[in-house]
Amino acid sequence: MSHAINTKQPASTLQGARLPKWAPYVIAAGSVAAGCGIGLAGGLDSRIQWGLIAAILFVAVTYLLAAKIEGGRQAKDRIATSVVWVAFLLAVIPLVSLIWETVARGIKVLDTYFLTTSMGVLADTDVGGGIYHALIGTLEQVGLATLMAVPVGLLTAIYLVEYGRGKLAKAVTFFVDVMTGIPSIVAGLFILSFWILILGQGYSGFAGAMALAILMMPVVVRSTEEMLKLVPNELREASLALGVPKWRTILKVVLPTSIGGITTGVMLAVARIAGETAPVLLLVWGNPLINTNPFEGPQASLPLYIYQQYANSAGSPAAYDRAWAAALTLIILIMVLNLVARGIARWKAPKTGR
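These numbers come from a predicted model, not from an experiment.

According to the stated counting rule, one finds seven salt bridges in the structure shown. Measuring nitrogen to oxygen at the nearest pair gives 2.9 Å for the salt bridge that ties Arg 236 to Glu 162. With a gap of 74 residues between them, Arg 236 in helix α9 (residues 233-241) and Glu 162 in helix α5 (residues 132-163) connect regions that are remote in the sequence. Look at Arg 236 and you get buried, because its relative accessible area is 10%. On the accessibility criterion, Glu 162 (7% relative accessible area) is buried. With a shortest N-O distance of 2.5 Å, Arg 272 and Glu 276 are connected by a salt bridge. The exposure class assigned to Arg 272 is partly exposed, which follows from its relative accessible area of 28%. Among the residues examined, Glu 276 registers a relative accessible area of 14% and is labelled buried. Put simply, Asp 177, Arg 222, Glu 225 and Lys 229 are held in one network by salt bridges that share partners.

If you want it as structure tokens, here you go:
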């Protein structure tokens, strides 16, 4: 008589005990509750201290439970993941708090009147007025700085990646690194001494734009250089093998391939200079009236406007509200520019697939 042979393999027993998927959330909730309780019992007034206690408890409890149930190896993985999440929250919470505070305080006076009215002859302590003159100044100064910095930065990056060899390239790289870390006040003092004191030119939006361009150039060079390095050499070699000149290969192959990253880098540089106050304070000087000519006479800008509203407010609630509203406008402006840049980068990026 034939007997059936059982070919089924026994179930694998390599899978050890594991914490349930909902365990981190329960541990986090318990840690927060315990942190708040310890803070209240210990008389700690700062919510930051409560949060730090909760974070320490979360990491410690996660490690102890994982070590007991899952073993030491998995516990180390759990504690690394917990530390990453805690670091992420420590970075996000101040950012969210800043945005929340700016929106809550700036929305009070942010309306069409505020955006289309200048301070004019109003004192900083008076009610009313707006940021139209400062908004025009910021757009013109940042626009001029971008026009000056982006071509120079882009061409410098192309030289370093595609042509740069030897001592000259090393020297250029060294000075770009140095310029990346210079304080904004140094750029402002350089333009002040050269443009205004030596050449005898007056305070103007263009003078401020030159200082902003100095700050912007190294950021554009560094970001563009990294994006150009990511372009595969096979694309360059294929183009050169077809007899295409190198300059045309760069123009038609390399740049279109990296245009998305280059655009993002340019927008990061714009965001870097849009909030600078020191060069503007030294070179643009400020003007409560509308001046649409950046090449003649003092101008206003949003960072300088915010500073003046706080510095000259004498405790006026109206000045504080205008300062917060101007800060919110600056954040919205940078956000819109970034969204536009992302749209352009996606539109101009090379199409993949068939």
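Let's pick the thread back up.
As a further point, take the packing of aromatic side chains. For the coordinates displayed, the defined rule picks out seven aromatic pairs. Each ring, one from Tyr 203 and one from Trp 285, has its centre 4.8 Å from the other, and the planes form 25 degrees; the classification is stacked. Taken as a pair, Tyr 203 in the loop between α7 (184-198) and α8 (205-229) and Trp 285 in the loop between α11 (278-283) and α12 (302-311) lie far apart in primary sequence, 82 residues in all. Here Tyr 203 falls in the partly exposed class, since its relative accessible area comes to 29%. Here the aromatic rings of Phe 206 and Phe 295 are separated by 5.2 Å at their centres, their planes lie at 35 degrees, and the arrangement is tilted. With Phe 206 in helix α8 and Phe 295 in the loop between α11 and α12, this pair connects stretches of sequence that are 89 residues apart. Residue Phe 206 is classed as buried on the basis of its relative accessible area of 18%. Following the ring pairs from residue to residue traces out a cluster consisting of Trp 195, Phe 206 and Phe 295. The ring of Trp 50 carries Arg 47 above its face, with NZ or CZ at 4.5 Å from the centroid. Note that Lys 246 overlies the ring of Tyr 163, its terminal NZ or CZ placed 4.7 Å from the centroid.

Cut-offs used in this document
- Residues numbered from 1 in each chain as written.
- Predicted model: local features only at pLDDT ≥ 70, side-chain atom pairs only at ≥ 80, totals over all residues.
- Heavy atoms only, no water.
- Salt bridge = Lys/Arg side-chain N within 4 Å of Asp/Glu carboxyl O.
- Helix = DSSP H or I, 4+ residues; strand = E, 2+ residues; numbered from the N terminus.
- Buried < 20%, exposed > 50% of the residue type's maximum accessible area, 1.4 Å probe, protein only.
- Phe/Tyr/Trp six-rings, centres within 6.5 Å; stacked < 30°, edge-to-face > 60°.
- Lys NZ or Arg CZ within 6 Å of the ring centre and 35° of its normal.

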